[in-house]
Amino acid sequence: MKSYLQSHLKQLESEAIYVMREVAAQFENPVLLFSGGKDSIVMAHLAYKAFYPAKIPYPLLHVDTGHNFDETIAFRDKYVEKIDAKLIVRYVQNSIDNGTAVEETGPYASRNGLQTITLLEALNEFKFEAALGGARRDEEKARSKERFFSHRDAFGQWDPKNQRPELWNIYNGQKKPKESFRVFPISNWTELDVWMYVQQEGIELPNLYFSHQRDVIKRDGVLLAASDVVYPVGDETIETMTVRFRTIGDMTCTGAVESPAATIEDIVDEVASARVTERGARADDQRSEAAMEDRKKQGYF
């Protein structure tokens, strides 16, 4: 079984590295989207391996909502320095200040959806032709429709009915002026694959992914970390619970799960038996049944 798993992970790794090298070959100005979450860290690790001993040939881009976990930002900066990559950060707050984004108001407000505006502005600012992201098909039904090379129109928008066939690992990066691509090298990976690869490669991750005690608020079945931007409303209360995060994003919509899993081995076992997807704890996906697809059509990654 161990030999089979190693072979399986090796195949996934080779596929992802092949896609990353294809991006470098077909596009003059690509970028790798990097949030400091586990999938983007695995992506950066793969890019590092793909081009070693040379540096990663494209910069890393983080769209910072201003409501990220402090632990994530600290880990992001430490990791980028470790792999000697160039990091570009663009802030949702700047889009709000410039009037291109309008901040939600009220106790349930979130900046998560505003990331799309800031992302499109950053891609346009630097004239990036392709943006590599860590989305996987097993995460959510809209993401299951993605190709490896996902074509976007001149406005950065996605049309799921207008995607190109990808036969025999041939990827078509041809585009018209101002059109672009989102590229997803780990599309075929599952959450369990990611964790087994992290275990195999000894990849360091933010401590948010591991069991710890945290003050949380239970809101609509989601455990949100209590903070300056997430506070009790109505009869909600703050509780201290033993939790970990399966995904890491904007604090206003990233839910924790109760878990004793304090090591990678524990998490592998937990994920293998999980019956709820990792985005099942994301409040942003629960706003509507087609929340993710609607955001992707607007330019979200």
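Please read these numbers as outputs of a predicted model, since none were measured by experiment.

Caption draft 1: Fine view of a nonpolar patch on the surface. Together, Leu-167, Trp-168 and Ile-170 make up a nonpolar patch on the protein surface, roughly 420 Å² of accessible area in all. Assignment of secondary structure puts Trp-168 in the loop between strand E5 (149-152) and strand E6 (180-183). The class for Trp-168 is exposed, based on a relative accessible area of 76%.

Caption draft 2: Inspection of the environment of Glu-22 at higher detail. Within the fold, Glu-22 resides in helix H1 (residues 2-26). Each C-alpha atom, one on Glu-22 and one on Asn-172, is 9.8 Å from the other, the two residues being 150 residues apart in sequence. When residues no more than four places from it in sequence are discounted, the contact partners of Glu-22 are Phe-149 and Tyr-171.

Caption draft 3: Representation of the sheet that holds strand E10 (residues 255-258) within the structure. Strand order in this closed barrel of four strands is E7-E8-E10-E9, and the pairing throughout is antiparallel. Between one strand axis and the next, the sheet turns by 70° as a mean value, whatever way the strands run. Taken together, the four bridges between strand E7 (residues 212-219) and strand E8 (residues 222-225) define a ladder with antiparallel strand orientation. Within E8, the residue paired with Lys-218 across the bridge is Leu-223.

Caption draft 4: Quick look at the packing of aromatic side chains. In this structure the tally under the stated criterion is 15 aromatic pairs. Their ring planes at 80° and their centres at 5.1 Å tell us that Trp-189 and Tyr-197 sit as a pair that is edge-to-face. With respect to class, Trp-189 is no different from Tyr-197; both count as buried. With a centroid separation of 5.8 Å and 80° between ring planes, the pair formed by Trp-195 and Tyr-209 is classed as edge-to-face. Of this pair, Trp-195 sits in helix H6 (residues 191-201) while Tyr-209 sits in the loop between H6 and E7, placing them 14 residues apart in sequence. Of the two residues examined, Trp-195 and Tyr-209, each falls in the buried class. Grouping aromatic residues by their ring pairs yields a cluster made of Tyr-18, Phe-27, Phe-148, Phe-149, Tyr-171 and Phe-181. Lying across the ring of Phe-148, Arg-137 places its NZ or CZ 5.1 Å from the centre.

Caption draft 5: The sheet that holds strand E3 (residues 87-91), seen in detail. Pairing is mixed in the open sheet, where six strands are placed in the order E3-E2-E1-E4-E6-E5. In this open sheet, the two edge strands, each paired with only one partner strand, are E3 and E5. Looking at each pair of strands side by side, their axes are set apart by 30° on average, direction ignored. Taken together, the three bridges between strand E4 (residues 130-132) and E6 define a ladder with parallel strand orientation. By the bridge assignment for E6, Ala-131 is matched with Arg-182. Together, strand E2 (60-64) and E3 form the strand contacts of helix H3 (residues 70-83), whose direction differs from that of E2 by roughly 170°.

About the thresholds
- Residues numbered from 1 in each chain as written.
- Predicted model: local features only at pLDDT ≥ 70, side-chain atom pairs only at ≥ 80, totals over all residues.
- Heavy atoms only, no water.
- Patch = residues over 30% accessible without salt bridge, like charges linked within 9 Å, V, L, I, M, F, W, Y side chains within 5 Å.
- Areas by Shrake-Rupley, 256 points an atom, 1.4 Å probe, with all protein chains shown as cover.
- Salt bridge = Lys/Arg side-chain N within 4 Å of Asp/Glu carboxyl O.
- Helix = DSSP H or I, 4+ residues; strand = E, 2+ residues; numbered from the N terminus.
- Buried < 20%, exposed > 50% of the residue type's maximum accessible area, 1.4 Å probe, protein only.
- Contact = heavy atoms within 4.5 Å.
- Pairing = 2+ DSSP bridges.
- Axes fitted to C-alpha atoms, helices over the stretch in contact; angles between N-to-C directions.
- Phe/Tyr/Trp six-rings, centres within 6.5 Å; stacked < 30°, edge-to-face > 60°.
- Lys NZ or Arg CZ within 6 Å of the ring centre and 35° of its normal.

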